[in-house]
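The primary structure of each chain is shown beneath.
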Amino acid sequence: MKRLIPITVILLWMTTVQAQNKGSFVALKGGVSIPVGDYKAKNLENGSFTLPGFNVGLEGVWYFRKFVGVGGQFGFNLHPVDVRALGYEKVKADPFLMDVTIRSEPYQVITGAVGMFAKWDFHQVLSLSGKLLGGLMAVKTPYQLYKPEYFQTGPDYYEITSSRDMNFALVAGAGLRIKASSCIAFRVGGEFVYSKMVFGFVTASGTRYEYRKIGFINTTLALLILL
């Protein structure tokens, strides 16, 4: 009898948790990341010359109501630099520069955010979801090596070292979830991520600051572990 009491308590607890479960999950996601706005622009004043890259991330949601929940996510993005376009704009801006070869690392972006999630079940295995989150974004600019060719004399090469900044970020997204079993689901979706950064670069004449808007759309395929 004494042994049955703990077992009964555990079974009752599991039943209660199952009864309260409204679609909560943890997820692993990844896909293509597409820069937008000034972040992808090909100009020296405001643009970052970025190209589509990739994203990976983790997400977790607890639905305390059938349609509404709270949760958070963590993501990592890489965006390569269009060195051909960057070099072209550098040559246009410098009358003494004939040509330039550029080697560049990608932009590295880390985002963590929390907020509200919602879902709408319109079929036994299909549902729509949405989210609106706020958090922090950390960005590392690429290290770049320049090999210029001047009309007259000039340096054989010069470099631009990486800079970092962190600021508040907004995340908004939506997706279509397909339930494969009682514990597994898949989701196809997308999210828009946005923030503003100020990058400082040390030069011979002092520190130079660049103000950049960081915005991109992540297209994702996610594996959901239903709780």
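All of these numbers come straight from a predicted model, not from anything done at the bench. (Residues numbered from 1 in each chain as written. Predicted model: local features only at pLDDT ≥ 70, side-chain atom pairs only at ≥ 80, totals over all residues. Heavy atoms only, no water.)

Peer 1: When you look at the overall build of the protein in this model, what are you seeing that I'm missing?
Peer 2: When helices and strands are tallied, the protein shows 2 helices and 11 strands. Its helices and strands taken in sequence order, the protein reads α-β-β-β-α-β-β-β-β-β-β-β-β from the N to the C terminus. Its C-alpha atoms give the protein a radius of gyration of 24 Å, more than 25% over the compact-globule value 17 Å for 227 residues. Considering only C-alpha atoms, the protein reaches an extent of 95 × 35 × 20 Å along its principal axes. In the protein, which comprises 227 residues, the proportion classed as buried is 37%. (Helix = DSSP H or I, 4+ residues; strand = E, 2+ residues; numbered from the N terminus. Rg over C-alpha atoms; globule rule 2.2 N^0.38 Å. Buried < 20%, exposed > 50% of the residue type's maximum accessible area, 1.4 Å probe, protein only.)

Peer 1: Looking at this structure, I do not really get the sheet that holds strand S8 (residues 158–160). What am I missing?
Peer 2: What links the strands of a sheet is backbone hydrogen bonding, and the strands pair in either a parallel or an antiparallel sense. The 3 strands are arranged S4-S7-S8 in an open sheet whose pairing can be described as antiparallel. Of all strands in the sheet, those bounded by a partner on one side alone are strand S4 (97–104) and S8. When strand polarity is set aside, the average angle formed by the axes of neighbouring strands in this sheet is 25°. Examined bridge by bridge, S4 and strand S7 (residues 144–150) share 7 bridges and lie antiparallel to one another. Bridge pairing links serine 104 to glutamine 144 in S7. Each of S4 and S7 touches helix H2 (residues 83–93); the most contacted strand, S4, lies at about 150° to it. (Pairing = 2+ DSSP bridges. Axes fitted to C-alpha atoms, helices over the stretch in contact; angles between N-to-C directions. Contact = heavy atoms within 4.5 Å.)

Peer 1: Help me understand the packing of aromatic side chains in this model?
Peer 2: Aromatic rings considered in pairs are described by the distance between their centres and by the relative angle of their planes. Here the structure, examined in full by the defined rule, presents 5 aromatic pairs. Here the aromatic rings of phenylalanine 192 and tyrosine 194 are separated by 6.2 Å at their centres, their planes lie at 20°, and the arrangement is stacked. Residue tyrosine 194 is classed as partly exposed on the basis of its relative accessible area, which comes to 26%. Directly above the ring of tyrosine 63 sits lysine 119, whose terminal nitrogen or CZ lies 5.4 Å from the centroid. (Phe/Tyr/Trp six-rings, centres within 6.5 Å; stacked < 30°, edge-to-face > 60°. Lys NZ or Arg CZ within 6 Å of the ring centre and 35° of its normal.)

Peer 1: When you look at the nonpolar core in this model, what are you seeing that I'm missing?
Peer 2: Nonpolar side chains in soluble globular proteins tend to be buried together. Counting 33 residues, the largest nonpolar core has Phe25, Met137, Val139, Ile214, Phe216 and Leu224 as its most contacted members. In contact with isoleucine 214, not counting residues within four places along its chain, are Tyr39, Met137, Val139, Val193, Tyr194, Ser195 and Met197. (Core = buried A, V, L, I, M, F, W, Y, C linked by side-chain atoms within 4.5 Å.)

Peer 1: Would you mind showing me how to read empty space enclosed by the protein here?
Peer 2: The gaps left among the atoms become clear once a water-sized probe is rolled over them. One pass over the full model with this rule turns up 2 cavities of 30 Å³ or more. There is about 120 Å³ of room inside the largest cavity. Lining the largest cavity are 16 residues, and of these Glu59, Ser129, Lys131, Ala174 and Arg187 lie nearest its centre. Listing elements by their share of the lining of the largest cavity, those giving two or more residues are strand S1 (25–35), strand S2 (53–63), strand S6 (126–140), strand S9 (164–179) and strand S10 (184–203). Of all the elements, S10 adds the most residues to the lining of the largest cavity, at 4 residues. When the residues that make up the lining of the largest cavity are grouped by side-chain class, the tally is 4 nonpolar, 7 polar and 5 charged. Approximately 70 Å³ is the volume found for the second largest cavity. What lines the second largest cavity is simply Lys29, Asn55, Val56, Gly57, Gln73, Gly75, Phe76, Asn77, Thr111, Glu191, Val193 and Asn218. Secondary-structure elements contributing two or more residues to the lining of the second largest cavity are S2, strand S3 (68–79) and S10. (1 Å grid on protein atoms, 1.4 Å probe; cavity = no way out; pocket = protein on both sides within 12 Å on 5 of 7 lines; lining within 4 Å. Points joined across faces, edges and corners; volume = space filled by probe spheres on them. Nonpolar A, V, L, I, M, F, W, Y, C, P; charged D, E, K, R; others polar.)

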